[in-house]
Amino acid sequence: MMKQKFQISGISCGGCVSRVKKTLEEHPNIEKVEIFLAPKGAALITMNEALSVAELQKQLDGLNGYTITELN
């Protein structure tokens, strides 16, 4: 299991957080998603196997206005 840090742009409130968290956690390889409002849109994703940013973005594409990028 691995944890990776990401930045999700478009997050502005708790409602955004819960929508994005729920959508990402529907992915079979994602165990847990933590999204923070401070710093805004910072996310910690626990996965069973490494997923590319493109795969994560594809998972988010059902929601409008969110873009995910990897943080190092």
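Heads up: the structure comes first, above all this text.
What you are looking at is a predicted structure, and each value in this text was computed from that prediction instead of being measured.

K.L.:
If you had to explain the nonpolar core to someone new, which residues and values would you point to?
P.N.:
Ile8, Val20, Leu24, Ile45 and Leu56 are the most contacted members of the largest nonpolar core, which totals 19 residues. Elements that contribute at least two residues to this core include exactly β1 (2-9), α1 (14-25), β2 (30-37), β3 (40-47) and α2 (53-60). Per element, the largest residue contribution to this core is four residues, and it comes from α1. Not counting residues within four places of it along the chain, the set of residues in contact with Ile8 comprises Val20, Leu24, Ile35, Gly41, Ala43, Leu60, Tyr66, Thr67 and Ile68.

K.L.:
For the sheet that holds β1, give the residues involved together with the corresponding values.
P.N.:
In spatial order, the strands read β2-β3-β1-β4; together these four strands make up an open sheet with antiparallel pairing. Edge positions in the sheet fall to β2 and β4 (67-70), since each of these pairs with one other strand and no more. For this sheet, the mean inter-axis angle between neighbouring strands, taken without regard to orientation, is 30 degrees. Taken together, the four bridges between β1 and β4 define a ladder with antiparallel strand orientation. Of the residues in β4, the one forming a bridge with Ser9 is Thr67. This element, α1, spans β1, β2 and β3 of the sheet and lies at about 165 degrees to β2. α2 contacts β1, β2, β3 and β4 of the sheet and is inclined by roughly 160 degrees relative to β4.

K.L.:
Describe the environment of Gly65, and please don't skip the residues or the numbers.
P.N.:
Relative to the helices and strands, Gly65 resides in the loop between α2 and β4. In sequence terms Gly65 and Ser12 are 53 residues apart; their C-alpha atoms lie 11 Å from each other.

K.L.:
Tell me what's going on with the environment of Met47, and back it up with residues and numbers.
P.N.:
Its place among the elements puts Met47 in strand β3. A relative accessible area of 0% means that Met47 is categorised as buried. For the pair Met47 and Glu31, spaced 16 residues apart in the sequence, the C-alpha separation amounts to 5.2 Å. Among all residues touching Met47, those that are not within four sequence positions of it are Met1, Met2, Gln4, Phe6, Asn29, Ile30, Glu31 and Leu56.

Rules and cut-offs
Residues numbered from 1 in each chain as written. Predicted model: local features only at pLDDT ≥ 70, side-chain atom pairs only at ≥ 80, totals over all residues. Heavy atoms only, no water. Core = buried A, V, L, I, M, F, W, Y, C linked by side-chain atoms within 4.5 Å. Buried < 20%, exposed > 50% of the residue type's maximum accessible area, 1.4 Å probe, protein only. Helix = DSSP H or I, 4+ residues; strand = E, 2+ residues; numbered from the N terminus. Contact = heavy atoms within 4.5 Å. Pairing = 2+ DSSP bridges. Axes fitted to C-alpha atoms, helices over the stretch in contact; angles between N-to-C directions.

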